[in-house]
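Structural characterization, general
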Amino acid sequence: MTRRPTIIDVAREAGVSKSTVSLVLQNSASVRDETRKQVRAAMARIGYVYNRSAANMRSSNAGLVGLVINDLRNPFFTEFATSLQMALADKGYSAVIANTDEDPGLQAQVVGSMIEHGVSALILCPAYGETRATFDAIARAGIPAMQMLRRVDDRLDLFPLPAPDYARGSGEATRHLLAGGARQVAFVGGLEGRAVTEERQDGYLSALAEAGMTPVMLTGQSTREFGRETARRLAETHPQVDAAVCFNDLVALGMLSGFQEVGRDVGQGFRLVGFDDISEAAQCFPTLTSVRCDIARIGAQAAETVIGWLDKGTPPPGETRTPVSLVVRQSSGGDGRS
């Protein structure tokens, strides 16, 4: 090795995480004696020398967790970031938050900057696109990192994925509409080719297959604008569709506006279900039935998981699916009291 060995080199040589090496250097009692000897032997083999003064300088950032969000304009991700930041604060950690606006290039830039500034861990709601540069940089740095809510990198041993059970949610929503008398149910929103879109479509497709019904899928940007346009288009070109499961609540809220413009009643004449159950779902009129992901709880759990990873040096399971539930309100024929 022509350069000075780093803590990452030690971790690779010893076959442990960077966090475990750090715990050994700090003489933490949480490390097993066998692991401690293994790490010390690796240091000796590659000639690693601990620079304590540099480590003390870095320790001023030891309580920082980088939080990288794909779209903070979306209330779903805003609620997640807020709950996570508050949960980290309760544990004595501070969050450094960046919005990437679904730009993988910007994502790579902000992640690189956070690594340079010495964050202890990273939690990403990742952008789609060419993301290899982002995750390769994290892997080289040896920093604990989770990809939250959507999967873009298949190395789940390095980048664990906690996410809601999207397929179960859309399946439950579709069966609810069918039980209410819907004759044809559409799925509206979500860009084609994205894993999160396919997951949310899976439950819908399974429920329709069980009922022997034909799907109608209208994919597009997951925005109010797309929902509003699609409501008008459904009224003109798909008059037989009398219910819809939306990719998210933003699309559903847009459809509420679009149907009001064309004079179509939502709740009895057309039954509508959103997804995510953002706070606005209970405040609009008619109130919006939605699949609740309990995003505040997911944020709190993410904080607990990453802090446990830092403390113990043991990564969480590769993939964890959290439960969802359907909150029935006026838009699908409910009484709006949920």
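This text follows the structure it describes.
Attention in this report is confined to the structure presented alongside it. (Residues numbered from 1 in each chain as written. Predicted model: local features only at pLDDT ≥ 70, side-chain atom pairs only at ≥ 80, totals over all residues. Heavy atoms only, no water.)

1. Some remarks on the packing of helix 8 (residues 166-179) against helix 9 (residues 195-211)
- Where helix 8 meets helix 9, the closest approach of the two axes is 7 Å, and the angle between their N-to-C directions is 40°. Here helix 8 lies oblique to helix 9, going by the angle between them. In this structure, helix 8 crosses over helix 9, and the sense of that crossing is right-handed. Contacts from Tyr 166, Ala 167, Ser 170, Gly 171, Thr 174, Arg 175 and Leu 178 in helix 8 reach Val 196, Glu 199, Arg 200, Asp 202, Gly 203, Tyr 204, Ala 207, Leu 208, Glu 210 and Ala 211 in helix 9.
- For the contact of helix 8 with helix 9, the residue count by class is 8 nonpolar, 4 polar and 5 charged. (Axes fitted to C-alpha atoms, helices over the stretch in contact; angles between N-to-C directions. Helix = DSSP H or I, 4+ residues; strand = E, 2+ residues; numbered from the N terminus. Parallel < 35°, antiparallel > 145°, perpendicular 65-115°, else oblique. Left-handed = near helix turned anticlockwise from the far one by under 90°. Contact = heavy atoms within 4.5 Å. Nonpolar A, V, L, I, M, F, W, Y, C, P; charged D, E, K, R; others polar.)

2. Side note on the nonpolar core
- Core analysis: the largest hydrophobic core is formed by 72 residues, its most contacted members being Phe 80, Ile 123, Met 148, Leu 149, Val 185, Met 255 and Leu 272.
- Examining the composition of this core, we find that 8 residues originate from one element, helix 12 (residues 295-312), more than from any other.
- Counting 15 residues, the second largest nonpolar core, distinct from the first, contains Ala 14, Val 24, Leu 25 and Met 43. (Core = buried A, V, L, I, M, F, W, Y, C linked by side-chain atoms within 4.5 Å. Buried < 20%, exposed > 50% of the residue type's maximum accessible area, 1.4 Å probe, protein only.)

3. Here's the deal with the side chain of Thr 197
- Considering the arrangement of structural elements, one finds Thr 197 in helix 9.
- Residues contacting Thr 197, with those up to four places away along its chain left out, are Gly 189, Gly 190, Leu 191 and Phe 247.

4. With respect to the packing of aromatic side chains
- Evaluated as defined, the whole model comprises 5 aromatic pairs.
- Aromatic side chains Phe 76 and Phe 77 sit 5.3 Å apart centroid to centroid with 70° between the ring planes, which places their arrangement in the edge-to-face category. Of the two residues examined, Phe 76 and Phe 77, each falls in the buried class.
- Above the ring of Phe 247, the side-chain terminus of Arg 200 is found at 4.7 Å from the ring centroid.
- The cationic tip of Arg 200 hangs over the ring face of Phe 275; the distance from NZ or CZ to the ring centre is 4.2 Å. (Phe/Tyr/Trp six-rings, centres within 6.5 Å; stacked < 30°, edge-to-face > 60°. Lys NZ or Arg CZ within 6 Å of the ring centre and 35° of its normal.)

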